[in-house]
Amino acid sequence: MTVNWYLIVSAMIFTLGAAGVMIRRNPLVILLCLELMLNAGNLALIGFSRMWGDGAGEIFAIVVMVIAACEVAIGLGIIVALYRRRLPVDVDELKELHG
Amino acid sequence: MTFLFFFIFAGFALAGAAGVVVLRNPFYCVLSLVVHLISLALLFLLLEAQFVAVAQIVVYAGAVMVLYVFVVAYVGGGDKPDQLWSAGPRQKALAIGFASLIFIELAIAILGTALSALGTEGAKLSATYGTPAEIGELLLTDYLLAFELASMLLLIAAIGAVALAGRRGGIAEDEGNLSPRHGVVHTPSPAATGSMAEGVSGYGVTTPLPDPQFEGRELQQPARETAEDDR
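To start, this report covers the structure provided alongside it. Residue positions are given per chain, counted from 1 along the sequence in the order it is written. As a convention, the first chain written is A and the first ligand written is 1, with the rest following in written order. Thresholds applied to this predicted model are a pLDDT of at least 70 for local features of residues and 80 or more for the giving and counting of side-chain atom pairs; totals over whole chains, interfaces and linings are not thresholded and use all residues. To get the side-chain values, take all heavy atoms of the structure and skip hydrogens and water.

Some thoughts on the nonpolar core
Defined as follows: In this text, buried Ala, Val, Leu, Ile, Met, Phe, Trp, Tyr and Cys residues form a nonpolar core when linked through side-chain atoms within 4.5 Å. Here's how the labels work: a residue is buried when its accessible area is under 20% of the maximum for its type, exposed when over 50%, partly exposed in between, all with a 1.4 Å probe on protein chains only. Secondary structure elements follow DSSP: runs of H or I of four or more residues count as helices, runs of E of two or more count as strands, with numbering from the N terminus. For this analysis, residues touch if any pair of their heavy atoms sits within 4.5 Å.
In terms of nonpolar packing, the biggest core is built from 57 residues, with Ile 13 and Leu 43 of chain A together with Leu 43 and Tyr 68 of chain B touching the most fellow members. Those elements that place two or more of their residues in this core are helix H1 (3-23), helix H2 (27-52) and helix H3 (56-84) of chain A together with helix H1 (2-22), helix H2 (26-46), helix H3 (50-75) and helix H5 (132-140) of chain B. Element by element, the count of residues in this core is highest for H3 of chain B, at 11 residues. The residues contacting Ile 13 of chain A, other than those within four sequence positions of it, are Leu 36, Ala 40 and Leu 43 of chain A together with Ala 13, Leu 14, Ala 17, His 36 and Leu 40 of chain B.

Structural notes on the packing of aromatic side chains
To keep it simple, the criterion reads: Within 6.5 Å between ring centres, the rings of Phe, Tyr and Trp (the latter by its six-membered ring) count as paired, and their orientation is classed by plane angle as stacked under 30 degrees, edge-to-face over 60, tilted in between.
Taken as a whole and assessed by the stated rule, the structure comprises 8 aromatic pairs over all chains. Summarising the aromatic geometry, the rings of Tyr 6 of chain A and Phe 6 of chain B are spaced 4.7 Å apart at their centres and angled 75° between planes, so their arrangement reads as edge-to-face. Here the residue Tyr 6 of chain A occupies a position in helix H1, and Phe 6 of chain B occupies one in helix H1, the pair thus bridging two chains. Accessibility assignment for this pair places Tyr 6 of chain A and Phe 6 of chain B in one class, buried. Ring geometry for Phe 6 of chain B and Phe 7 of chain B: centres 5.3 Å apart, planes at 80°, overall edge-to-face. The exposure class of Phe 6 of chain B is buried, given its relative accessible area of 1%.

Shown next as structure tokens:
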């Protein structure tokens with residue numbers, strides 16, 4: 001399989017993730033769609049790494065995983081805090097930043 | 001053979017991704033993402049990145065997804081039935097339009113590139129490519145700074161998560177009401193989305209559903225002692 005194919009799959013996954021972020025209203029699912037986009041980036045990085053035969057792309061992918069883990073921890077923390085304060089878990093109703 | 005495996009794994013990865021976007025129940029979204037992550041790890045294996053593939057399964061499909069499942073079980077809030085698209089047809093059309101624009105642009109970039117190496121199977125690999133030995137050496141030599149910064153970032157994220165979700169910091173005044181054991185369950189989340197509260201109290205299964213408003217605020221507060229034994 002040539003690297004092209006992997007990049008196309010990566011572009012498709014990224015597109016799906018982006019569409020999900022724009023369409024869905026539940027912040028949990030929006031976080032999941034963000035994961036999709038990050039993973040599409042990972043797939044492209046690994047594909048390029050394979051193309052050059054160089055390990056740098058894998059390091060980048062691992063760093064992206066770390067950042068995704070941080071994002072999940074903070075995002076889920078915010079959602080749990082929202083739930084505790086009985087705010088609606090729905091991004092359309094959370095349009096005021098104060099409070 | 002690689003050809004066949006590639007299409008199988010890519011198909012599962014795309015199906016999982018589509019499932020995350022389309023499915024209504026967040027539990028199923030998480031499970032769909034697990035399928036997606038595992039097939040992505042298999043794609044990484046096809047690209048000979050063994051260490052990253054294993055890390056993907058252990059860290060992502062294992063640890064991170066368990067965290068997600070816990071939070072979905074705790075919060076439960078699915079998109080309310082029939083509200084998946086209720087952002088309005090205009091926003092839906094806009095979102096799909098933007099997404100297709102992104103895809104078209106990426107496809108142009110990939111197919112129209114002058115990088116001729118993209119059309120090959122990749123460079124000849126050294127014997128250590130993708131092994132933990134190579135990754136470890138790179139992390140501790142060329143990318144030491146990134147490695148240290150990543151560890152610092154993880155520490156800060158852990159502290160931030162505790163500060164955000166911890167019981168002492170962001171606790172609401174009337175949080176005692178939230179526990180289903182005290183019988184006052186009026187969570188803002190819609191019913192029948194498989195949350196733990198529903199499982200414990202049978203809420204939404206046999207009883208008629210209250211309006212998904214926030215009536216909990218107006219309800220009578222239970223005595224403070226009942227809230228205390230929850231700690």
